[in-house]
Amino acid sequence: MTMLALLPSIASAADANETFAQALKPLATASFQEKQQVIAAIAATRHPNARPVLSALLEGNLHTRDADQRIFIVTEGEEGLALTDPLMLQAAGSAPADEFTKITTNNQLRKALRGLIAGFDLSDPDAEVRLAAVSEMLRTLDEDGVLILRQRVAEESDSKVRSAIETGLALADLDNEDAAVRLAAAVRLEDSLSPDVYNRLKELTGRGDDGAFNEPDDQVRAAAAATVRNIDNWRSIYGGVETLFFGLSLGSVLVLAAIGLAITFGVMGVINMAHGELIMLGAYTTYVMQLLMPSHIGASVVVAIPMAFLVAGTVGILIERGVVRFLYGRPLETLLATFGVSLILQQIVRDIFTANNRPVETPAWMAGSWQINEALSITYNRLYVILFTAVVFTVLLIVLKKTTLGLKVRAVAQNRAMAKSMGVRTEWVDALTFGLGSGIAGVAGVALSQLTNVGPNLGQQYIIDSFMVVVFGGVANLWGTLIGGMSLGVINKVLEPFAGAVLAKILVLIALILFIQRRPRGLFPQKGRAAEG
Amino acid sequence: MKPSTPLMESLLGERGTRIFLSVLVATAVLVPVLHLTFDAGSPLHLSSYTMTLIGKYMTYALLAVAVDLVWGYCGILSLGHAAFFALGGYAMGMYLMRQIGTRGVYADPILPDFMVFLNWKELPWFWQGFDMFWFAALMVILVPGLLALLFGWLAFRSRVTGVYLSIITQALTYALMLAFFRNDMGFGGNNGLTDFKDILGFGINQPGTRVGLFVASAIALGLGYLACRYITLSRAGRVVQAIRDAESRTRFIGYRVESYKLWVFTFSAVLAGIAGALYVPQVGIINPSEFQPINSIEVVIWVAVGGRGTLYGAVAGAVIVNYAKSYFTAAVPEFWLYALGALFVLVTLFLPRGVVGLADRFTPGSREPVPEAAKA
Amino acid sequence: MNASTALRQGWQKVFGTGARSERPIAPDTTHGTILYLEDITVSFDGFKALNALTLYVDAGELRCIIGPNGAGKTTMMDVITGKTRPDAGSAWFGQTIDLLTLTEPQIAEAGIGRKFQKPTVFEQHTVLENLELAAAGNKSIWATLFSPLTAVQRDRIDHVLETVRLQDRRDTRAGVLSHGQKQWLEIGMLLMQDAQMLLVDEPVAGMTPQEVERTAELLLSLEGQHSVVVVEHDMNFVRSIARKVTVLHEGHVLAEGTMDQVQNDAKVVEVYLGE
């Protein structure tokens, strides 16, 4: 254990050690009641070793040697007990266990010990340790604790710790006999989102078993009720923010999955039913990259992005050259043929990787979550998916708007015959467009590998959703896909708490069928004469 | 309202139709005879399994005919027709569940086992009436019919066409699949409806009942086929094909294109529902996986393989593909998806008119593949 | 009896074919004008295909409409036949029929027939079937499903086959006809529709000179009984049939009058020379 508590006002180490030893000594023989005072005295020395000694006592590791009543911190070793000298915190050899007696504690003592230890931790330089100490103290708060906390709050620099202390003190004040103090506390708590506070205040506004109010004072009760309402409001706002966040992250997944489809459908009028399987290939590429570089999981995911783009893009170009190009102008046949391709791709993956889901590891930097406050936390993988989608979307937008390829792609989308007569090699543009759309599907697969199981059916799960996004957003431009995907994601998550996940999905599908009543070509339809074709 | 005599004659005018009907009649007579009159040891005996399999193929064929009517003739590529098939099947399944009565595991006279298991106390309203065969039979027609009517009305009215329509039909069956998987829906959730005991008082596994179901499937297929053939030969049929080829032109000469589409779509859905209702007692189960989008797409490939826009091609395709499926999934299961996938690609690329078109091209005047496959 | 009526009524309600068994009210042309287009404006993405177009066509008149590409000729036809809804303006067929409230098939039934710029016949159907599809009469599902063609309709088909000179081709698939024959078949379909008003978009494109001549004869023979609006680029053809010519430019009427008047109009000369 590291001992870094640097306390001021220690005149000399020797004096301090002497005081500490004196304070420690009575522990060997004291009764439970006496021990209460003894441990308080030990704590009062503010000696650097006070905390380890107290926590050893709490854990039952403080023993007296029967021979000379000396006190040691012990740990169970192979040959009896390993001894540590409490004054110097140095190893002091080992000895058979039967030569020692454990210094016993009772519930009351343990409670006191926990409070005292927390008091030490309150001065720890690490804010996390202080925060843990505060919550520990709040569990067993007595008057002394309140005093310690009051002292601490003045010098506390970390805002989280301070607000935790203030919350705790206010909670303690709620038990104060003076109604004015209670009232002030109830008002002060209004910014807290902690469930403890909420439950405590809620309790105050209610009646006990005997029918009397738990809180006799009307004003305090009213303030408590107001605070409860306030907390309720904040909680629902944060709940809304969280739902929005979940919705946006689901929406991002949908956008990623659908955007490649929107490109091939919008530019070429081709429905690619194998799109889902291209996503699946991207996910498997991630898996393979992790197999190839097992010691660099974090980097493997990054490397997988261009690799997945290449793999899925190549397969896409093969599909276009091998099947789709013979079927231009026959969208329904294209749909069927590419569906056949999707079955074959699924089976290939099954034969190579078996039908079982493959484990894809999440890099450390994507694990965990960002705790914004007590009511709101955001998981990093969802956050990264949103950011990743934004990046992919921006890159695509730039590719389509600023590059020659983009120019040609848009020209072909608007007027194929004209583009051809202007010397655009439409065949080449078609192949590259299809490759681009497929490559994006592969990139989507990398993202999905971090969120869902990687198995042969991965693609099928997303294909219908992707189509819904395209139908909803329209095919005229990428923004339609973005808005379409995000809205579907958010709507889905908003409905989920009321309807459950499955019913929410069904409701969205029904809503979509009704939506295309009003806008048969989506939010952003192609306009003018071109749309009639 | 009776069709005129020349029309009746032209109903049988096509060689494909004549061959199909002869094979169908022969099958409907021979199979039961071979099954019932010969002992199990005899080489001429046809097992109950084989008869049921052929009966199942016939219900698939009726479904394929229904899809051919909307796709091959009207140009509506429905990727959700298996949903109507499944709904018809569920209506029949509900009747069969109510017939179980006290013979269920929990022996509840009213509630099917899965409801007792879910601790339900009362029969939900939508299960009322299904103890009567006539009501269930009516629902077999009404439920798919009304759903198709509503869905088609919404879709065609706003002129959703082409791949957009295909996609939302797929969404329809997907939504239904999700819904039927839920236990709360009251259709047995994941497990669906099964363990049927009897139909119209006859034990469902009795040889006589099996033969009856088989013959009923054959008759349904024959009548469904003739009804579709009648439609395609009528002036309405020519309008429908005109819509397929040049929709807006048809509109400009004064036809209400949306109404025609809606009507064909609904009629076809009803046929699909009837097919489903005959399918369920023969296979003995109906569950939500029947709603899977892939099922609907597979039906389309049956039609494409056989040759769309011919009706008998749809029958041939349904039988060929399903026979191949039965064979492959037993012999080399991992090969089946390759075969099916390749079938999709090759047929669309090289056989736009399907097997029927191939037969016409290479051997004019010879027999078509329908009888070959139907015997299997 | 009652049940059958109820069934039929229900059917008609659902499939929207009610009240169409008899011929719909003919356009009221007592004022001598059959088509009133007033201040019609259509824009696509800010581009005004029609800009406050006002045009009247008399009953029984043969009118030619010319104009450079993009003048709005096809869009005008789209508006009249219900394919495109204008952003502003009114379109009346006779005194009483508001075209803007009707769907395409209703407009067709009211008596406006259209031949497209690109010949669109039903290629998979035979010549006979094409004409039969176009035949005037009850076009409800019920009727087409259960009643065969009437004798009158059959006679009419024979007559039209003769008029468009396709008697020998009656059982040929329309898809294999020559370009000129397709044009003729489409005109034949217009005749079958027995429309009060015919909109004919580029009828002689791709025709041989003899075919052009016969087409001119045919269109002239319709004059009087039908109102015919012809859109054409072929100036010689227009000159051969035109009584009155309307010049469209940038979505509105630039000039109107006889061929000679129009050709000498300064604005028209400028537009055509400037092109």
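Residues numbered from 1 in each chain as written. Chains lettered and ligands numbered in written order. Predicted model: local features only at pLDDT ≥ 70, side-chain atom pairs only at ≥ 80, totals over all residues.

### Section: the overall build of chain B
Then, number 1: Within chain B, the secondary structure is distributed over 16 helices and 4 strands.
Then, number 2: The C-alpha radius of gyration of chain B comes to 21 Å, within 12% of the 21 Å expected for a compact globule of 376 residues.
Then, number 3: Taken over the C-alpha atoms alone, chain B extends approximately 60 × 55 × 50 Å along its principal axes.
Then, number 4: The buried share among the 376 residues of chain B stands at 53%.
Then, number 5: Taking all contacts inside chain B whose residues are at least 6 apart in sequence as the whole, residues at least 24 apart take part in 77%. (Helix = DSSP H or I, 4+ residues; strand = E, 2+ residues; numbered from the N terminus. Rg over C-alpha atoms; globule rule 2.2 N^0.38 Å. Buried ≥ 20, exposed ≤ 12 C-beta atoms within 10 Å, placed from the backbone. Contact = placed C-beta atoms within 7 Å.)

### Focus: the overall build of chain A
Then, number 1: Secondary structure assignment for chain A yields 20 helices and 7 strands.
Then, number 2: By the burial criterion, 43% of the 533 residues in chain A qualify as buried.
Then, number 3: Taking the contacts inside chain A whose residues are at least 6 apart along the sequence as the reference set, 66% of them involve residues at least 24 apart.

### Observations regarding helix α8 (residues 209-222) of chain C
Then, number 1: Relative to the 20 Å expected for 14 residues at 1.5 Å per residue, α8(C) spans 20 Å between its end C-alpha atoms, a close match to the ideal helical length.
Then, number 2: Taken from the residues just after α8(C), C:Gly224 is the one with a positive phi, measuring 100°. (Expected span 1.5 Å × (residues − 1).)

### Considerations on the UniProt feature "transmembrane region" (unreviewed entry) in chain B
Then, number 1: Within this numbering scheme, the UniProt entry marks residues 20-38, 58-88, 132-156, 163-181, 211-228, 260-280, 300-323 and 335-356 of chain B as carrying the feature "transmembrane region" (unreviewed entry).
Then, number 2: Here residues 163-181 of chain B runs as 100% helix and 0% strand, with 27 Å between its end C-alpha atoms. (UniProt positions renumbered as here; feature names shortened; annotations may be inferred.)

### Points about the pairing of strand β6 (residues 369-373) of chain A
Looking along a regular strand, one sees the side chains alternate between the two faces of the sheet.
Residues and elements named next belong to chain A.
Then, number 1: The buried count for β6 comes to 0 of 5 residues, which makes it a mostly uncovered element.
Then, number 2: With 4 bridges connecting them, β6 and strand β7 (residues 376-379) associate as antiparallel partners. Paired with Trp-370 across the bridge in β7 is Ile-378.
Then, number 3: Hairpin connection of β6 to β7: 2 residues between the antiparallel strands. (Pairing = 2+ DSSP bridges.)

### Points about the interface of chain B and chain A
Then, number 1: Of the residues lining the interface, 34 residues belong to chain B; the matching set on chain A comes to 32 residues.
Then, number 2: The set of elements that each furnish at least two residues to the side of chain B that touches chain A consists of α7 (162-181), α12 (293-306) and α14 (333-350) of chain B.
Then, number 3: For the side of chain B that touches chain A, the leading source of residues is α7(B), giving 12 residues.

### Remarks on helix α2 (residues 32-44) of chain A
Since the α-helix advances by 3.6 residues per turn, residues separated by three or four positions end up pointing in the same direction.
Then, number 1: With 13 residues, α2(A) extends 19 Å from end C-alpha to end C-alpha; this agrees with the ideal 18 Å at 1.5 Å per step.
Then, number 2: Within two residues after α2(A), A:Arg46 carries a phi angle of roughly 55°, on the positive side.

### Some remarks on the packing of α12(B) against helix α15 (residues 354-362) of chain B
Residues and elements named next belong to chain B.
Then, number 1: With their axes 3 Å apart at the nearest point, α12 and α15 run at an angle of 5° to one another. Taken together, the axes of α12 and α15 lie roughly parallel to each other. Where α12 approaches α15, its residues Ala-304, Val-305 and Gly-306 are matched on the opposing element by Gly-354, Val-355 and Val-356.
Then, number 2: Residues that form the contact of α12 with α15 fall into these classes: 4 nonpolar, 2 polar and no charged. (Axes fitted to C-alpha atoms, helices over the stretch in contact; angles between N-to-C directions. Parallel < 35°, antiparallel > 145°, perpendicular 65-115°, else oblique. Nonpolar A, V, L, I, M, F, W, Y, C, P; charged D, E, K, R; others polar.)

### Remarks on the nonpolar core
Then, number 1: Formed by 284 residues in total, the largest nonpolar core has its most connected members in B:Ala61, B:Ala64, B:Val65, B:Ile168 and B:Val300.
Then, number 2: Ignoring any residue separated from it by four or fewer positions in sequence, one finds B:Ala61 in contact with B:Leu221, B:Val315, B:Ala318 and B:Val319. (Core = buried A, V, L, I, M, F, W, Y, C linked by C-beta atoms within 7 Å.)

### Some words on the sheet that holds strand β3 (residues 62-66) of chain C
As a general point, the strands of a sheet are linked pairwise by backbone hydrogen bonds and lie either parallel or antiparallel.
All names here are of chain C.
Then, number 1: Sheet architecture is open: 6 strands sit in the order β6-β7-β8-β3-β9-β10, paired in mixed fashion. Either end of the sheet is taken by a strand with one partner, and the two such strands are β6 (112-115) and β10 (252-257). In this sheet, neighbouring strand axes are inclined to one another by 20° on average, regardless of whether the strands run parallel or antiparallel.
Then, number 2: The pairing of β3 with strand β9 (residues 244-249) spans 4 bridges and is classified as parallel. Bridge pairing in β9 places Cys-64 opposite Val-245.

### Quick notes on the sheet that holds strand β4 (residues 88-93) of chain C
All names here are of chain C.
Then, number 1: The antiparallel open sheet is built from 4 strands, whose spatial order is β2-β1-β4-β5. A strand with exactly one partner marks an edge of an open sheet, and here the two such strands are β2 (47-58) and β5 (97-98).
Then, number 2: Pairing of β4 with β5 involves 2 bridges; the strand directions are antiparallel. Bridged to Phe-93 within β5 is Ile-97.
Then, number 3: Against the sheet, helix α2 (residues 73-80) contacts β1 (33-44), β2 and β4, and its axis sits at roughly 65° relative to β2.

### Section: the confidence of the model for chain B
Residues and elements named next belong to chain B.
Then, number 1: With 94% of its residues at a pLDDT of 70 or more, chain B shows a mean pLDDT of 89.
Then, number 2: The element-level mean pLDDT for chain B is lowest in helix α16 (residues 369-375), coming to 33, with helix α11 (residues 257-283) highest at 96.
Then, number 3: A low-confidence stretch, residues 365-376 stays under pLDDT 50, and its non-local contacts, those more than four residues away or across chains, total 25 contacts.
Then, number 4: In the predicted complex, the global pTM is 0.80; the interface-specific ipTM is 0.84. (pLDDT = per-residue confidence, 0-100.)

### Examining the domain arrangement of chain A
Then, number 1: Here chain A is described as being made up of domain 1 (13-108), domain 2 (122-216) and domain 3 (237-367 + 379-526).
Then, number 2: Placing a centre on the C-alpha atoms of domain 1 of chain A and another on those of domain 2 of chain A gives a separation of 33 Å. (Domains from an automatic or database assignment.)

### Quick word on the pairing of strand β8 (residues 227-231) of chain C
Residue and element names in this part refer to chain C.
Then, number 1: Most of β8 is tucked away, with 5 of its 5 residues classed as buried.
Then, number 2: The two faces of β8 match: Ser-227, Val-229 and Val-231 on one face and Val-228 and Val-230 on the other face are all buried.
Then, number 3: Relative to β8, β3 runs parallel, the two sharing 4 bridges. Pairing of Ile-65 across the sheet is with Val-231, part of β8.
Then, number 4: Of the pairings in the sheet, the one linking strand β7 (residues 197-201) to β8 comprises 5 bridges and is parallel in character.

### Quick look at the packing of helix α11 (residues 275-292) of chain A against helix α12 (residues 297-322) of chain A
All names here are of chain A.
Then, number 1: Here α11 crosses α12 at 140°, and the two axes come no closer than 8 Å. Compared by their axis directions, α11 and α12 come out oblique. As α11 packs across α12, the resulting crossing turns out to be right-handed. In this structure, α11 contributes Leu-278, Leu-281, Gly-282, Thr-285, Thr-286, Met-289 and Gln-290 to the contact, and α12 contributes Ile-297, Ser-300, Val-301, Val-303, Ala-304, Met-307, Ala-308, Val-311, Ala-312, Val-315 and Gly-316. (Left-handed = near helix turned anticlockwise from the far one by under 90°.)

### Side note on unusual backbone geometry
Then, number 1: In this structure, C:Arg165 takes a positive phi of about 60° despite not being glycine.
Then, number 2: In this fold, C:Arg165 is placed in the loop between α6 (151-163) and α7 (179-193).

### Re the environment of A:Leu495
Residue and element names in this part refer to chain A.
Then, number 1: The topology assignment puts Leu-495 in helix α19 (residues 478-499).
Then, number 2: Residue Leu-495 is classed as buried on the basis of its 20 C-beta neighbours within 10 Å.
Then, number 3: Measuring from C-alpha to C-alpha, the distance between Leu-495 and Thr-243 comes to 9.8 Å, with 252 residues separating the pair along the chain.
Then, number 4: For Leu-495, the residues in contact, after removing those within four places along its chain, are Ala-504 and Leu-507.

### Brief notes about the environment of B:Phe181
Residue and element names in this part refer to chain B.
Then, number 1: Structurally, the position occupied by Phe-181 is in helix α7.
Then, number 2: The partly exposed category is assigned to Phe-181, around which 17 C-beta atoms lie within 10 Å.
Then, number 3: Note: C-alpha distance between Phe-181 and Met-97 (84 residues apart in sequence) is 18 Å.
Then, number 4: Those residues within four positions of Phe-181 in sequence are excluded, and the remaining contacts are Gly-189, Asn-190 and Pro-288.

### Remarks on the environment of B:Ala227
All names here are of chain B.
Then, number 1: Examined against the element boundaries, Ala-227 turns out to sit in helix α8 (residues 207-233).
Then, number 2: A count of 15 C-beta atoms within 10 Å places Ala-227 in the partly exposed class.
Then, number 3: Spatially, the C-alpha atoms of Ala-227 and Phe-126 are 31 Å apart, while their sequence positions differ by 101 residues.

### Examining the confidence of the model for chain A
Residues and elements named next belong to chain A.
Then, number 1: Mean pLDDT over chain A stands at 82; residues scoring 70 or higher make up 95%.
Then, number 2: At the level of individual helices and strands, chain A shows its lowest average pLDDT in helix α6 (residues 143-155), which scores 75, and its highest in α11, which scores 94.
Then, number 3: Scored below 50 in pLDDT, residues 1-10 shows 10 contacts in the model against residues more than four places distant or in partner chains.
Then, number 4: Within the model, the stretch residues 528-533 combines pLDDT values under 50 with 7 contacts to residues more than four positions away or in other chains.

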